[in-house]
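Here's the letter readout for the chains.
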Amino acid sequence: MNSTLKLWTQLGLGTALAGGLLAACGGEAGGEGAATGAAGGDTAATAGEGEGGAGGEGEGGEAAGGEGEGGVAVTDAATDPVAYGIALAVAEAHVVAARDAYAAGKKEAAAEMFAHPVSEVLVDMDPVFAKLGVADFKELFTAASLAANDGKSVAEVGKAYDAIIAALRGAAQKAPKSDATSAKVATGVIADQIERASAMYRTLPKNDSYEPYLDGYGFAKVAAAAFATNGAAIKAENPAAHARITEALGVLGQAYPGAARPAKLPVEPGAVSGASAKVMLAAAG
């Protein structure tokens, strides 16, 4: 417990909850960028401007939708599989970014990224998880953050990451049921992650800090991974969405070439925004 409290103090992440869990994320006052839903679900996604508003992290107010600091529609997540999937995807995006940042030598940023989902998503999602029978797994994020902060080996941090991913996959198995097909749900979640990555990228020309780039990188990676798993089903059900997602992921792959932020942005923000907008339109069709 003492080491956990010390970590939160070092990272400036706010008040620790019982058991060493985070209550408030000091570096991210606003939402994650995209709004609280996604095309294809019961709540429509709208573009935001990155974590904390147009100025990047630490600025701005609540995310669009106003539910949860991560821009996640918590009240919808108990019944809407898209909103539920988005909550899990946002958490996963942070830990993917954290893992890759750690491998790139960004220890402090990695420790912060592992910690952020606790306050941004998981604390708010506790009632939903309890209703759906998902066991509390916040301590896994704490353990991963501590491992990164303590400078453990890449392999050890990787094991902590793997434990989180296993818990997220288990939680996904208990998603709420609806009439939406699995392909439609996946399309909604992927579209949301693409728009979040786009929203973060739009802040970068006026914000040279690392965290917004790393957030966007995580969203882009999770969108790509989800598409690799669900692409065939999406293509069969919505060929237009499949084509637009393929195009957008190609653009995002250039925009976010790795976990380390490049000295010069490789893609014009307008190209990223345009690709995301096409995905949102196709996903809503």
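As the structure is a computational prediction, the values presented were derived from the model and not from experiment. (Residues numbered from 1 in each chain as written. Predicted model: local features only at pLDDT ≥ 70, side-chain atom pairs only at ≥ 80, totals over all residues. Heavy atoms only, no water.)

**Notes on the packing of aromatic side chains**
Here the distance between the centres and the angle between the planes together describe a pair of aromatic rings.
Piece 1. According to the stated counting rule, one finds 5 aromatic pairs in the structure shown.
Piece 2. Between Phe137 and Phe141, the aromatic rings sit 6.1 Å apart at their centres with planes inclined by 35 degrees, giving tilted as the arrangement. Comparing Phe137 with Phe141 shows no difference in burial state: the two are buried.
Piece 3. Aromatic side chains Tyr201 and Tyr256 sit 5.4 Å apart centroid to centroid with 75 degrees between the ring planes, which places their arrangement in the edge-to-face category. Taken together, the positions of Tyr201 in helix H7 (residues 182–203) and Tyr256 in the loop between helix H9 (239–255) and helix H10 (269–284) put the pair 55 residues apart, joining distant regions of the chain. Both residues of the pair, Tyr201 and Tyr256, belong to the buried class.
Piece 4. Cluster of aromatic residues (ring-pair linked, three or more members): Tyr84, Phe129, Phe137 and Phe141.
Piece 5. Looking at Arg99, its charged tip hangs above the ring of Tyr161, at a distance of 4.5 Å from the centre. (Phe/Tyr/Trp six-rings, centres within 6.5 Å; stacked < 30°, edge-to-face > 60°. Buried < 20%, exposed > 50% of the residue type's maximum accessible area, 1.4 Å probe, protein only. Helix = DSSP H or I, 4+ residues; strand = E, 2+ residues; numbered from the N terminus. Lys NZ or Arg CZ within 6 Å of the ring centre and 35° of its normal.)

**Notes on the side chain of Glu195**
Piece 1. As for its position among the elements, Glu195 is in helix H7.
Piece 2. At a separation of 3.1 Å, a polar atom in the side chain of Glu195 contacts the side chain of Arg202. (Polar contact = N/O pair within 3.5 Å; in protein donor to acceptor, adjacent residues only side chain to side chain.)

**Re the environment of Ala83**
Piece 1. Its location among the elements puts Ala83 in helix H3 (residues 81–103).
Piece 2. By relative accessible area, Ala83 is classed as buried at 0%.
Piece 3. In this structure the C-alpha to C-alpha distance between Ala83 and Val72, which are 11 residues apart in sequence, comes to 7.0 Å.
Piece 4. Apart from the residues lying within four places of it in its own chain, the contact partners of Ala83 are Val72, Ala73, Asp76 and Ala77. (Contact = heavy atoms within 4.5 Å.)

**Some details on the environment of Val134**
Piece 1. Inspection of the secondary structure puts Val134 in the loop between helix H4 (107–132) and helix H5 (138–149).
Piece 2. Overall, Val134 belongs to the buried group, its relative accessible area being 12%.
Piece 3. When the C-alpha positions of Val134 and Gln173 are compared, they lie 9.3 Å apart, and in sequence the two are 39 residues distant.
Piece 4. When neighbours within four sequence positions are excluded, Val134 is seen to be in contact with Tyr84, Phe129, Ala171 and Lys174.

**Side note on the packing of H7 against H10**
Piece 1. Axis separation between H7 and H10 bottoms out at 9 Å; the angle between their running directions is 160 degrees. Relative to H10, the element H7 is oriented roughly antiparallel. Judged by the twist between their axes, the crossing of H7 over H10 is left-handed. The residues of H10 that touch H7, namely those facing Lys184, Thr187, Ala191, Ile194, Glu195, Ser198, Tyr201 and Arg202, are Pro269, Val272, Ser273, Ser276, Val279, Met280 and Ala283.
Piece 2. Its residues assigned to classes, the contact of H7 with H10 comprises 8 nonpolar, 4 polar and 3 charged. (Axes fitted to C-alpha atoms, helices over the stretch in contact; angles between N-to-C directions. Parallel < 35°, antiparallel > 145°, perpendicular 65-115°, else oblique. Left-handed = near helix turned anticlockwise from the far one by under 90°. Nonpolar A, V, L, I, M, F, W, Y, C, P; charged D, E, K, R; others polar.)

From the geometry alone we can't say anything about function, so treat these as descriptive.
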